Amino acid sequence: MIIQPRTRGFICLTSHPEGCAENVKTQIEYVKSKGQIVNGPKKVLVIGASTGFGLASRISAAFGSNAATIGVFFEKPGTEGRPGTAGWYNSAAFEEQAKQAGIYAKSINGDAFSDEIKKETIELIKKDLGQVDLVVYSLASPRRTHPKTGVAYASVLKPIGEPFTNKTVDFHTGVVSNISIDPVKEQSDIDNTIAVMGGEDWKFWIEDLKAAGVLANGAKTVAYSYIGPELTYPIYRNGTIGMAKNDLEATVPVINDLLKDLNGVSYVSVNKALVTQSSSAIPVVPLYISLLYKVMKEKNIHEGCIEQMQRLFADRLYGGSLALDTEGRIRVDDWEMREDVQSAVAKLWEEVTSENIEAISDLAGYRKDFFNLFGFEFDSIDYTLESDELTTVASLK
Ligand code: NAD
Ligand code: NA
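The structure displayed is predicted, hence computed values, not measured ones. (Residues numbered from 1 in each chain as written. Chains lettered and ligands numbered in written order. Predicted model: local features only at pLDDT ≥ 70, side-chain atom pairs only at ≥ 80, totals over all residues. Heavy atoms only, no water.)

K.L.:
Explain helix H5 (residues 187-197) here, please?
P.N.:
Since the α-helix advances by 3.6 residues per turn, residues separated by three or four positions end up pointing in the same direction. The complete set of buried residues in H5 reads Asp 189, Ile 190, Thr 193, Ala 195, Val 196 and Met 197. Those residues of H5 that are buried are in contact with strand S7 (143-145), strand S8 (152-154) and helix H7 (240-259). (Buried < 20%, exposed > 50% of the residue type's maximum accessible area, 1.4 Å probe, protein only. Helix = DSSP H or I, 4+ residues; strand = E, 2+ residues; numbered from the N terminus. Contact = heavy atoms within 4.5 Å.)

K.L.:
When you look at the pattern of salt bridges in this model, what are you seeing that I'm missing?
P.N.:
Between side chains of opposite charge, a pair can form when the charged atoms approach closely. Applying the stated criterion across every chain yields a total of 20 salt bridges. Put simply, Arg 329 and Glu 249 hold a salt bridge, and the shortest N to O gap is 2.9 Å. Here Glu 249 lies in helix H7 and Arg 329 lies in the loop between helix H9 (305-317) and strand S13 (330-331), a separation of 80 residues in the sequence. With respect to class, Arg 329 is no different from Glu 249; both count as buried. Its salt-bridge partner being Glu 351, residue Lys 347 comes within 3.2 Å of it at the nearest N-O pair. (Salt bridge = Lys/Arg side-chain N within 4 Å of Asp/Glu carboxyl O.)

K.L.:
Explain the packing of aromatic side chains to me, please; I cannot follow it from the model alone.
P.N.:
Here the distance between the centres and the angle between the planes together describe a pair of aromatic rings. Under the definition given, this model contains 10 aromatic pairs. Judged by centre distance (6.3 Å) and plane angle (25 degrees), the ring pair of Tyr 137 and Trp 202 falls under stacked. Highlighted residues: Tyr 137 in strand S6 (residues 132-137) and Trp 202 in helix H6 (residues 200-211), separated in sequence by 65 residues. Here Tyr 137 and Trp 202 have matching classes, each one buried. Taken together, the ring pairs in this structure connect Phe 171, Tyr 366, Phe 370, Phe 371 and Phe 374 into an aromatic cluster. In this arrangement the basic side chain of Lys 148 is found over the ring face of Phe 204, its NZ or CZ atom lying 4.9 Å from the centre. A cation over an aromatic ring shows up here: Lys 368 above the ring of Phe 378, its NZ or CZ 6.0 Å from the ring centre. (Phe/Tyr/Trp six-rings, centres within 6.5 Å; stacked < 30°, edge-to-face > 60°. Lys NZ or Arg CZ within 6 Å of the ring centre and 35° of its normal.)

K.L.:
I'm lost on unusual backbone geometry in this one. Help?
P.N.:
As a rule of thumb, non-glycine residues mostly have phi less than zero, and peptide bonds are mostly trans rather than cis. One non-glycine residue with positive phi stands out, namely Asn 263, at about 60 degrees. Inspection of the secondary structure assignment puts Asn 263 in the loop between H7 and strand S12 (265-270). Classification of Asn 263 by relative accessible area gives exposed; the value is 55%. One non-glycine residue with positive phi stands out, namely Ala 323, at about 45 degrees. Assignment of secondary structure puts Ala 323 in the loop between H9 and S13.

K.L.:
Please explain the coordination of the sodium ion (ligand 2) as it appears in this structure.
P.N.:
Tetrahedral coordination by four donors sets the ideal angle at the metal to 109.5 degrees; octahedral coordination by six donors sets it to 90 or 180 degrees. Donor atoms from the polypeptide that coordinate the sodium ion (ligand 2) comprise Gly 48 (O), Thr 51 (O), Gly 54 (N) and Ser 138 (OG), at 2.7 to 3.1 Å from the metal. In this structure, the sodium ion (ligand 2) is coordinated by six donor atoms arranged in irregular fashion, with angles at the metal of 66 to 177 degrees. Sequence positions of the donors to the sodium ion (ligand 2) reduce to the motif G-x2-T-x2-G-x83-S. Separated by 87 residues along the polypeptide, Thr 51 in the loop between strand S3 (43-47) and helix H2 (52-65) and Ser 138 in the loop between S6 and S7 bring together distant segments of the chain. Ser 138 gets classed as buried once you look at its relative accessible area, which sits at 16%. (Donors = N, O, S within 2.8 Å, 3.2 Å for Na, K, Ca; no water. Tetrahedral: all angles 85-135°; square planar, octahedral: opposite > 155°, others 65-115°.)

These figures come from the coordinates and say nothing about function on their own.
As structure tokens, this is what we get:
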């Protein structure tokens, strides 16, 4: 099959197996180039392991610390005439690379919010690893079926209180326009978003893992959050998703209590704004990221998911200093939030229009990152050739 990108808005409907493998390989090489993490994790469970920050966490643990990893995700393999999802191909490529390097890696594909997948994961840990010493929680999902009540929740991305009007960009065309987003009408929109993206499922995971005795003494767990600049507060940090992040962050002390008798500890790491399948769905944010990339690349402090997660592991969780903020959070968004970076972005934000966007932003970098997520636009790949999809699919099972 010859596979080309097919997009609908911020969604790409196709993925390229060899391109996804290239993406994974590049991340592995980066981690190896940084050297081994001294006293890093050894047996790691990554929930949300197939794309974005979760995949980068898995690669950092495996190739930066020789860690055995179990990855949980929700992806689709390819079928006759239809490519699978990027996360499927990423995971297949990751497993192949891990196997070649003699590093244990197995994956579980299914709904991480369910009791069944938690049970299946625990069985696999018991059988193969005994216990895990790190649990990374990196789910991003628009919906969650509650495992105890069966209620299906859908998250919304809306401001709270007042309508929010600001600039946004269609990153395919570069057209900058004003967007107005109405605030939530009902409290249930906020509650549903918290139910999907808040901390309850993270807590359920840790409760179940602990009850099954599969958490090692001194186990750590980390989940990911975002804050960002004031200009996105109405749609992000003070909006429905921000309320879910508040809830996630408030789960840290609850999980710390659970882990106390194991001498374990939990953290939230606030990460940098990056192009992922999840972030491209948020209005206004892609324009901010395009300007942020421009500024951070000029200052030589740009990072992608893999640079962020390698730094989180090497310089925060397993070395250097946690450098917690006043709320007790790890901040690898420290360079994004630097005063000089933020004031430069704020200035460009005022200036940016459809006419000057290619010149004053890194929209080109945004687009390339977006297509790279699905295995497209890698120079090393000839996209006119047939894709050897079936071998890649076979290697995950
Ligand atoms: P992503 O979309 O790349 O990854 C989401 C992962 O969750 C994938 O592995 C997917 O398979 C998995 N997943 C989704 N629903 C699932 C389900 N029901 N069962 C099992 N797996 C499921 O997203 P990302 O951007 O890497 O986000 C990960 C975390 O990082 C989120 O908490 C997000 O808020 C946070 N974060 C993102 C950014 C950013 O700019 N992208 C910045 C800071 C923090
Ligand atoms: Na992820």
